[in-house]
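Residue strings, one per chain:
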Amino acid sequence: GQQVQQSPASLVLQEGENAELQCNFSSTATRLQWFYQRPGGSLVSLLYNPSGTKHTGRLTSTTVTKERRSSLHISSSQTTDSGTYFCARNMGYKLTFGTGTSLLVDP
Amino acid sequence: GALVYQYPRRTICKSGTSMRMECQAVGFQATSVAWYRQSPQKTFELIALSTVNSAIKYEQNFTQEKFPISHPNLSFSSMTVLNAYLEDRGLYLCGAKTGGAEVFFGKGTRLTVV
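Since the structure is predicted, the reported quantities are computational estimates derived from the model, not experimental observations. (Residues numbered from 1 in each chain as written. Chains lettered and ligands numbered in written order. Predicted model: local features only at pLDDT ≥ 70, side-chain atom pairs only at ≥ 80, totals over all residues. Heavy atoms only, no water.)

Colleague: It is not clear to me how the pattern of salt bridges should be interpreted in this structure. Could you clarify?
Modeller: Two side chains carrying opposite charge are able to pair once their charged atoms lie near each other. For the coordinates displayed, the defined rule picks out seven salt bridges over all chains. Close ionic contact of Lys94 of chain A with Glu59 of chain B constitutes a salt bridge, the shortest N to O distance being 2.8 Å. On the criterion of chain membership, the pair formed by Lys94 of chain A in the loop between β9 (83–90) and β10 (95–97) and Glu59 of chain B in the loop between β6 (57–58) and β7 (69–73) is interchain, its members lying in two chains. Relative accessible area serves as the criterion here: at 26%, Glu59 of chain B is assigned to the partly exposed category. Through salt bridges with shared partners, a single ionic network connects Arg37, Glu45, Lys66 and Asp88 of chain B. (Salt bridge = Lys/Arg side-chain N within 4 Å of Asp/Glu carboxyl O. Helix = DSSP H or I, 4+ residues; strand = E, 2+ residues; numbered from the N terminus. Buried < 20%, exposed > 50% of the residue type's maximum accessible area, 1.4 Å probe, protein only.)

Shown next, in the form of structure tokens:
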């Protein structure tokens, strides 16, 4: 079955609202990495967060390994945040990606 | 910082022909390079993992005969898509890592097959 599941599949926000993206994975032996894919394709690493809480800019990720879940919180969303967000299970030698959350931030 | 460059960014090839894409690590030593494909409307699939001084490991459904990979040094890798057909179209990403676990990606090569 799917080793990495993401929710919601898509999300539409007004600019300024906060977004909460969820990632559930099948194994406690998981190092989690969040990525952003711009419209047009390129993939950007946002946060590498195997456990605990990490921040960068308006992004906060919390990973609770024993509960096999991670979240990505985007505060004060901007139109430029629109795109697809992927979480990936990082096995060191291999990444297994979730199916992504498509985010659209309207002005 | 760690950067990964891929080229070409976009390419179009005729059905049945082959195309080569390249991946360059800048600012770090890419001890491992993984090639992924994102087919239209799908997530990313691992094609193969290449680690310097080790055999290249291909995932199920991908073969060396179809996707030969070269990883001659710690800064460069290339992959060829042989006999490309419609189902091979998509975004091909190169992900590189050094001793740590974090993976850095290039911007990808988008392959269109006509």
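Past the structure itself, the notes keep going.
Colleague: Just to check I follow, could you spell out the interface of chain B and chain A for this structure?
Modeller: One frequent convention defines the size of an interface as the accessible area lost when the parts assemble. Counting residues at the interface gives 18 residues for chain B, matched by 19 residues for chain A. When chain B packs against chain A, close to 1,500 Å² is buried across both sides, 58% of that on carbon and sulfur atoms. Of all residues in chain B, Phe44, Ala101 and Phe105 of chain B bury the most surface against chain A, accounting for 30% of the area lost on that side. Along the contact surface separating chain B from chain A lie one salt bridge. Joining chain B to chain A, the criterion identifies five residue pairs in polar contact (both at pLDDT 80 or more). (Contact = heavy atoms within 4.5 Å. Buried area = accessible area lost by both parts, 1.4 Å probe. Polar contact = N/O pair within 3.5 Å; in protein donor to acceptor, adjacent residues only side chain to side chain.)

Colleague: What exactly am I supposed to notice about the state of the cysteines here?
Modeller: Each disulfide is one covalent bond, formed between the sulfur atoms of two cysteines. Residue and element names in this part refer to chain B. Tallied over the full model, the rule gives two disulfides over all chains. The residue that forms a disulfide with Cys23 is Cys94, at a sulfur-sulfur distance of 1.8 Å. An S-S torsion of about -55° defines the bridge between Cys23 and Cys94 as left-handed. Residue Cys23 is located in strand β3 (residues 19–26), and its partner Cys94 is located in strand β9 (residues 90–97); the two are separated by 71 residues in the primary sequence. Across this residue pair, the class does not change: Cys23 and Cys94 are buried. (Disulfide = S-S within 2.5 Å.)

Colleague: Teacher, can you tell me more about the sheet that holds strand β6 (residues 52–56) of chain A here?
Modeller: Note on sheets: strands pair through backbone hydrogen bonds, and any given pair is parallel or antiparallel. Residues and elements named next belong to chain A. Spatially, β1-β3-β8-β7-β6 is the arrangement adopted by the five strands of the open sheet, whose pairing is antiparallel. The open sheet has two edge strands with one neighbour each: β1 (4–7) and β6. Pairs of neighbouring strands in the sheet enclose a mean axial angle of 15°, with direction left out of account. Examined bridge by bridge, strand β3 (residues 19–25) and strand β8 (residues 69–74) share six bridges and lie antiparallel to one another. (Pairing = 2+ DSSP bridges. Axes fitted to C-alpha atoms, helices over the stretch in contact; angles between N-to-C directions.)

Colleague: Could you clarify how one ought to interpret the pairing of strand β5 (residues 44–51) of chain B in this entry?
Modeller: Residues in a regular strand project their side chains so that they alternate between the two faces of the sheet. All names here are of chain B. Here β5 lies mainly inside the structure; six of its eight residues are buried. Two strands pair when backbone bridges link them, and strand β4 (residues 32–38) and β5 are joined in this way by seven bridges, in the antiparallel orientation. In the strand pairing of β5, Ala34 is matched with Leu49. What sits between β4 and β5 in their antiparallel hairpin is a turn of five residues, with Gln41 showing a positive phi close to 65°. Here β5 runs beside β6; their pairing, made up of two bridges, is antiparallel. Counted as the bridge partner of Leu49 is Lys57 from β6. A loop of five residues connects β5 with β6, the two strands running antiparallel in sequence, and Asn53 in this loop sits at a positive phi of about 70°.

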